[in-house]
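Residues per chain are reported as follows:
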Amino acid sequence: QVQLVESGGGLVQAGESLRLSCTASGTTFSITQMGWYRQAPGKQRELVAVITRGGTTTYADSVKGRFAISRDNAQTTVFLQMNSLKPDDTAVYYCLADFPLGSREWGQGTQVTVSS
């Protein structure tokens, strides 16, 4: 069992930056991938960025060049540096951890609000 705790959300103006963090605790050795999804009001949850244990990253087209995902050496904390934020980035951001055989754990979510 793994628990994910997110932090770093908040209210910013368009063009500003935020950094989200997500720390995994528990049985973390089997995590194959960590990352972030987001869900805006009235919309489906969508991929933002993920990073595999091997370091391969995947980004949504809408955040390429503005967001950067990274992790610590222990591979238990993942970061999302968000630059040049836009009002369309407003959403609840959820951390995820993937495991072998396709199972996935989610964090509780952190609100990011970008004002114009």
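Residues numbered from 1 in each chain as written. Predicted model: local features only at pLDDT ≥ 70, side-chain atom pairs only at ≥ 80, totals over all residues. Heavy atoms only, no water.

Caption draft 1: Region of interest: the overall build of the protein chain. Helix and strand content of the protein chain: 0 helices and 11 strands. Along the longest, intermediate and shortest principal axes, the C-alpha atoms of the protein chain span 40 × 25 × 20 Å. Within the protein chain, the proportion of its 116 residues that are buried is 41%. A separation threshold of at least 6 residues defines the contact pool for the protein chain, and within that pool the share at least 24 residues apart is 52%. Averaging the coordinates of the 10 positive side-chain charges in the protein chain and doing the same for the 9 negative ones gives two points 3 Å apart. (Helix = DSSP H or I, 4+ residues; strand = E, 2+ residues; numbered from the N terminus. Buried < 20%, exposed > 50% of the residue type's maximum accessible area, 1.4 Å probe, protein only. Contact = heavy atoms within 4.5 Å. Lys, Arg positive; Asp, Glu negative; His and termini not counted. Charge placed at Lys NZ, Arg CZ, Asp CG, Glu CD.)

Caption draft 2: Broad picture of the state of the cysteines. For the structure on display, the rule yields 1 disulfide. Through a disulfide, Cys-22 is tied to Cys-95; the S-S separation comes to 2.0 Å. Sign of the S-S torsion, about -80° for the bond between Cys-22 and Cys-95, identifies this disulfide as left-handed. Highlighted residues: Cys-22 in strand S3 (residues 18-26) and Cys-95 in strand S9 (residues 91-98), separated in sequence by 73 residues. (Disulfide = S-S within 2.5 Å.)

Caption draft 3: Broad picture of the pattern of salt bridges. What the rule picks out here adds up to 5 salt bridges. In this structure, Arg-38 and Glu-46 form a salt bridge, with 2.8 Å as the shortest nitrogen-oxygen distance. Taking relative accessible area as the criterion, Arg-38 reaches 6% and is therefore assigned buried. A salt bridge links Asp-98 to Arg-104, with the shortest nitrogen-to-oxygen separation between them at 2.5 Å. Here Arg-104 falls in the partly exposed class, since its relative accessible area comes to 31%. The structure contains a network of salt bridges with shared partners spanning Arg-38, Glu-46, Arg-66 and Asp-89. (Salt bridge = Lys/Arg side-chain N within 4 Å of Asp/Glu carboxyl O.)

Caption draft 4: Fine view of the side chain of Arg-38. Along the chain, Arg-38 falls in strand S4 (residues 33-39). Within the structure, the side chain of Arg-38 is placed 2.9 Å from the side chain of Tyr-93, a separation counted as a polar contact. Those residues within four positions of Arg-38 in sequence are excluded, and the remaining contacts are Gln-44, Arg-45, Glu-46, Val-48, Ser-62, Val-63, Phe-67, Asp-88, Asp-89, Ala-91, Val-92 and Tyr-93. (Polar contact = N/O pair within 3.5 Å; in protein donor to acceptor, adjacent residues only side chain to side chain.)

Caption draft 5: Quick peek at the nonpolar core. Judged by nonpolar contacts, the single largest core of 28 residues is most densely connected at Met-34, Trp-36, Leu-80, Met-82 and Tyr-93. Those elements giving two or more residues to this core turn out to be strand S1 (2-7), S3, S4, strand S5 (46-52), strand S7 (67-71), strand S8 (77-82), S9 and strand S11 (110-115). If we ignore the near neighbours within four places in the chain, the residues touching Leu-80 are Leu-18, Arg-19, Leu-20, Trp-36, Val-48, Ala-49, Phe-67, Ala-68, Ile-69 and Tyr-93. (Core = buried A, V, L, I, M, F, W, Y, C linked by side-chain atoms within 4.5 Å.)

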